[in-house]
Amino acid sequence: MKTCLIVIDAQESFRQRPYFSPATLPGYLSKQNALIDGCVARGIPIVRIFHVDGPKTADNAFAVESGHIQPIAGLAVFEPAASFTKSRHSALVGTGLDVWLTTHGIQRLIVSGIRTEQCCETTTRHASDLGWTVDYCLESTLTWDMQHLDGTVLPAADIMARTAAVLTERFARICTVEQALEGAAA
């Protein structure tokens, strides 16, 4: 089964957000980079997705004009097989990614990137509904604490556990870097 790694929104824009915390970034980068390096070594195509949205002004971290639409510092350097920009949560909405995947005979996706419960999860659900087999590499995703409506904190670890619970056996196989690479075929 022909496989493709998708690296979603691993971009500098997030450093500009008030919720950004550098504490978990090294662990994420270690796993994300191992996944990238493993795919490069196996000849697995890698697709880069950037999120571009909102006002086209320098003060909007998700606008090209900000200069932050670039790989997050510390991310392994790789030559993407394709690059797409999106303005929705799913990387499959309005980007042409679906056409590229179909044209290249991709049947299985490995999903990774930033944010676990938002663009990574949404793309996974959408891809599954469109018929792709999806490996969701949870340890190669990153998110941050969020706040409940009552002001209490929802820890990032709980968000990740929830994402794994709702995706597994419904939309994706939750896997480690090693498991994703074991099942990968160029």
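See the structure printed just above.
Residues numbered from 1 in each chain as written. Predicted model: local features only at pLDDT ≥ 70, side-chain atom pairs only at ≥ 80, totals over all residues. Heavy atoms only, no water.

Novice: Hey, could you run me through the environment of Gly131 in this one?
Specialist: Tracing the chain through its elements places Gly131 in the loop between helix H3 (116-129) and strand S5 (133-142). Exposure remark for Gly131: the relative accessible area of 58% places this residue in the exposed category. (Helix = DSSP H or I, 4+ residues; strand = E, 2+ residues; numbered from the N terminus. Buried < 20%, exposed > 50% of the residue type's maximum accessible area, 1.4 Å probe, protein only.)

Novice: Help me understand the sheet that holds strand S2 (residues 46-51) in this model?
Specialist: Strand pairing in a sheet takes place through backbone hydrogen bonds and is either antiparallel or parallel in direction. Ordered in space as S3-S2-S1-S4-S5-S8, the six strands form an open sheet in which the pairing is parallel. Here the strands that pair on one side only, and so sit at the sheet edges, are strand S3 (82-86) and strand S8 (173-175). Adjacent strand axes in the sheet meet at a mean angle of 25°, parallel and antiparallel pairs treated alike. Pairing geometry for strand S4 (residues 108-114) and S5, over six bridges, is parallel. Counterpart to Ile114 in the pairing with S5 is Leu142. Against the sheet, helix H1 (residues 25-42) engages strand S1 (3-8), S2, S4 and S5, with an angle of about 140° to S5. In this fold helix H4 (residues 156-167) packs onto S5 and S8, with an angle of close to 175° to the strand it touches most, S5. (Pairing = 2+ DSSP bridges. Axes fitted to C-alpha atoms, helices over the stretch in contact; angles between N-to-C directions. Contact = heavy atoms within 4.5 Å.)

Novice: So what exactly am I meant to see when it comes to unusual backbone geometry here?
Specialist: With the exception of glycine, the majority of residues adopt a negative phi angle, and the majority of peptide bonds are in the trans configuration. Residues Ile114 and Arg115 are joined by a peptide bond in cis, for which omega reads -5°. Its identity is not glycine, yet Asp9 carries a phi of approximately 55°, on the positive side. Among the secondary structure elements, Asp9 is positioned in the loop between S1 and H1. On the basis of relative accessibility, which here comes to 1%, the residue Asp9 falls in the buried class. A positive phi angle, close to 65°, is found at Glu169, a residue other than glycine. Within the secondary structure, Glu169 is located in the loop between H4 and S8.

Novice: What is the right way to look at H4 in this model?
Specialist: Because each turn of an α-helix spans 3.6 residues, side chains separated by three or four positions in sequence point in the same direction. The terminal C-alpha atoms of H4 lie 17 Å apart, and with 12 residues this matches the ideal 16 Å at 1.5 Å per residue to within 8%. Within H4 the residues assigned to the buried category are Ala156, Ile159, Thr163, Ala164 and Leu167. The buried residues of H4 occupy an angular sector of 135° when projected down its axis, which confines them to one face. Among the structural elements, H3, S5, strand S6 (146-147), strand S7 (153-154) and S8 are those in contact with the buried residues of H4. Immediately downstream of H4, the backbone of Glu169 shows phi near 65°, a positive value. (Expected span 1.5 Å × (residues − 1). Arc of directions from axis to C-beta.)

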